[in-house]
Amino acid sequence: MGWVRGREAKDAEFLELVSGRTGHLYRSACLLTSGDTHYAEDLVQEALGRMYVLWRRSAFTGGRGRIDNPAAYTHTVMVRVFLSQQRRRSSSERPTGDLPEPQGREDGDSALRLTLIEALGRLPAKDRAVLVLRFWEDRSVEETAEAMRASSGAVRTRTTRALARLRTLLGDSLDELAVR
């Protein structure tokens with residue numbers, strides 16, 4: 001009967017992680033998917049499903065292969081799922097350029113956010129991932145490299161190039177929106 005209590009305790013710890021991180025995961029997923037909320041929900045669900053399997057194998061409770069920061073690792077899993085799905089996407093799938101009407105509160109920078117999300121959506125998946133990890137998640141070059149399974153130099157190069165592409169896509173519109 002002790003193993004049943006242990007499993008229940010593990011499940012309770014996992015639920016605590018999920019309840020504390022789901023909102024942040026979802027926001028990051030929305031950026032990765034360029035505002036596609038349905039795809040973002042799927043990404044979060046897939047990442048949490050994979051994390052649950054790992055959680056049940058005791059990777060977070062000690063022993064060999066221990067993962068010290070489950071919250072950060074969950075984000076890493078989500079980014080890896082995203083990149084993997086981008087590689088496998090069918091050529092017949094086409095993203096839409098139309099975003100749903102924003103719901104909830106309206107504030108002054110919604111046009112800026114929509115412009116940034118649209119521009120992010122026009123970047124290649126790996127460029128999007130590196131920008132979200134580096135600037136939204138505020139991860140170091142090394143952490144980003146680990147999440148993307150790339151070298152630190154490759155992350156630096158991709159970051160520089162992705163920012164240049166983003167600036168080109170935004171052009172003068174960013175200055176106009178930021179002044180408001």
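Residues numbered from 1 in each chain as written. Predicted model: local features only at pLDDT ≥ 70, side-chain atom pairs only at ≥ 80, totals over all residues. Heavy atoms only, no water.

Overview of empty space enclosed by the protein
Part 1: By the definition in use, this model includes one cavity of 30 Å³ or more.
Part 2: Considering only enclosed or pocket space, the largest cavity measures out at about 30 Å³ in volume.
Part 3: In terms of lining residues, the largest cavity is bounded by Ser-28, His-75, Met-78, Val-79, Val-132, Leu-133 and Glu-137.
Part 4: Of all elements in the fold, only α3 (70–88) and α5 (125–136) reach the threshold of two or more residues within the lining of the largest cavity.
Part 5: The element contributing the most residues to the lining of the largest cavity is α3, with three residues. (1 Å grid on protein atoms, 1.4 Å probe; cavity = no way out; pocket = protein on both sides within 12 Å on 5 of 7 lines; lining within 4 Å. Points joined across faces, edges and corners; volume = space filled by probe spheres on them. Helix = DSSP H or I, 4+ residues; strand = E, 2+ residues; numbered from the N terminus.)

A few points about the packing of α3 against α5
Part 1: Relative to each other, α3 and α5 sit at 170 degrees, their axes nearing to 10 Å. Relative to α5, α3 is oriented roughly antiparallel. For the pair α3 and α5, the contacting residues are Val-79, Phe-82, Leu-83, Gln-86 and Arg-87 in the first and Ala-125, Lys-126, Arg-128, Ala-129 and Leu-133 in the second.
Part 2: For the contact of α3 with α5, the class distribution of residues is six nonpolar, one polar and three charged. (Axes fitted to C-alpha atoms, helices over the stretch in contact; angles between N-to-C directions. Parallel < 35°, antiparallel > 145°, perpendicular 65-115°, else oblique. Contact = heavy atoms within 4.5 Å. Nonpolar A, V, L, I, M, F, W, Y, C, P; charged D, E, K, R; others polar.)

What about the packing of aromatic side chains?
The description of an aromatic ring pair uses the distance of the two centres, along with the angle that the planes make with each other.
Part 1: The full count for this structure, using the stated rule, is three aromatic pairs.
Part 2: Residues Phe-14 and Tyr-52 carry aromatic rings whose centres are separated by 5.1 Å and whose planes lie at 65 degrees to one another, so their mutual orientation is edge-to-face. Of this pair, Phe-14 sits in helix α1 (residues 2–32) while Tyr-52 sits in helix α2 (residues 37–56), and the two are 38 residues apart along the sequence.
Part 3: By relative accessible area, Tyr-52 is classed as partly exposed at 28%.
Part 4: Summarising the aromatic geometry, the rings of Tyr-39 and Phe-82 are spaced 6.3 Å apart at their centres and angled 40 degrees between planes, so their arrangement reads as tilted. One end of the pair, Tyr-39, is in helix α2; the other, Phe-82, is in helix α3, with 43 residues separating them in the sequence. One exposure class covers both Tyr-39 and Phe-82, and it is buried.
Part 5: Over the face of the ring belonging to Phe-135 we find Arg-134, whose NZ or CZ atom lies 5.6 Å from the ring centre. (Phe/Tyr/Trp six-rings, centres within 6.5 Å; stacked < 30°, edge-to-face > 60°. Buried < 20%, exposed > 50% of the residue type's maximum accessible area, 1.4 Å probe, protein only. Lys NZ or Arg CZ within 6 Å of the ring centre and 35° of its normal.)

Examining the pattern of salt bridges
Part 1: For the structure on display, the rule yields four salt bridges.
Part 2: Close ionic contact of Arg-165 with Asp-127 constitutes a salt bridge, the shortest N to O distance being 2.3 Å. Placement of Arg-165 in helix α7 (residues 152–170) and of Asp-127 in helix α5 is noted, with a sequence separation of 38 residues between them.
Part 3: A relative accessible area of 39% places Arg-165 in the partly exposed class.
Part 4: Look at Asp-127 and you get buried, because its relative accessible area is 0%. (Salt bridge = Lys/Arg side-chain N within 4 Å of Asp/Glu carboxyl O.)

With respect to unusual backbone geometry
Part 1: Of note, the phi angle at Asp-138 is positive, near 60 degrees, even though the residue is not glycine.
Part 2: Along the chain, Asp-138 turns up in the loop between α5 and α6 (141–148).
Part 3: The exposure class of Asp-138 is exposed, given its relative accessible area of 66%.

Focus: the nonpolar core
Part 1: One finds Leu-32, Leu-43, Met-78, Phe-82, Leu-83 and Leu-131 to be the most contacted residues of the largest nonpolar core, which totals 41 residues.
Part 2: Among all residues touching Phe-82, those that are not within four sequence positions of it are Leu-32, Tyr-39, Leu-43, Ala-125 and Arg-128. (Core = buried A, V, L, I, M, F, W, Y, C linked by side-chain atoms within 4.5 Å.)

Here's the deal with the side chain of His-75
Part 1: Residue position: His-75 is located in helix α3.
Part 2: With relative accessibility at 2%, the residue His-75 sits in the buried group.
Part 3: There is a polar contact of 3.1 Å between the side chain of His-75 and the backbone oxygen of Ala-71. (Polar contact = N/O pair within 3.5 Å; in protein donor to acceptor, adjacent residues only side chain to side chain.)

Observations concerning the packing of α6 against α7
Part 1: Running from amino to carboxyl end, α6 crosses α7 at an angle of 100 degrees, the nearest separation of the two axes being 8 Å. Between α6 and α7, the interaxial angle falls into the category roughly perpendicular. Where α6 abuts α7, its residues Val-141, Glu-142, Thr-144, Ala-145 and Met-148 lie against Ser-152, Val-155, Arg-156 and Arg-158.
Part 2: Among the residues making up the contact of α6 with α7, the classes are represented as four nonpolar, two polar and three charged.

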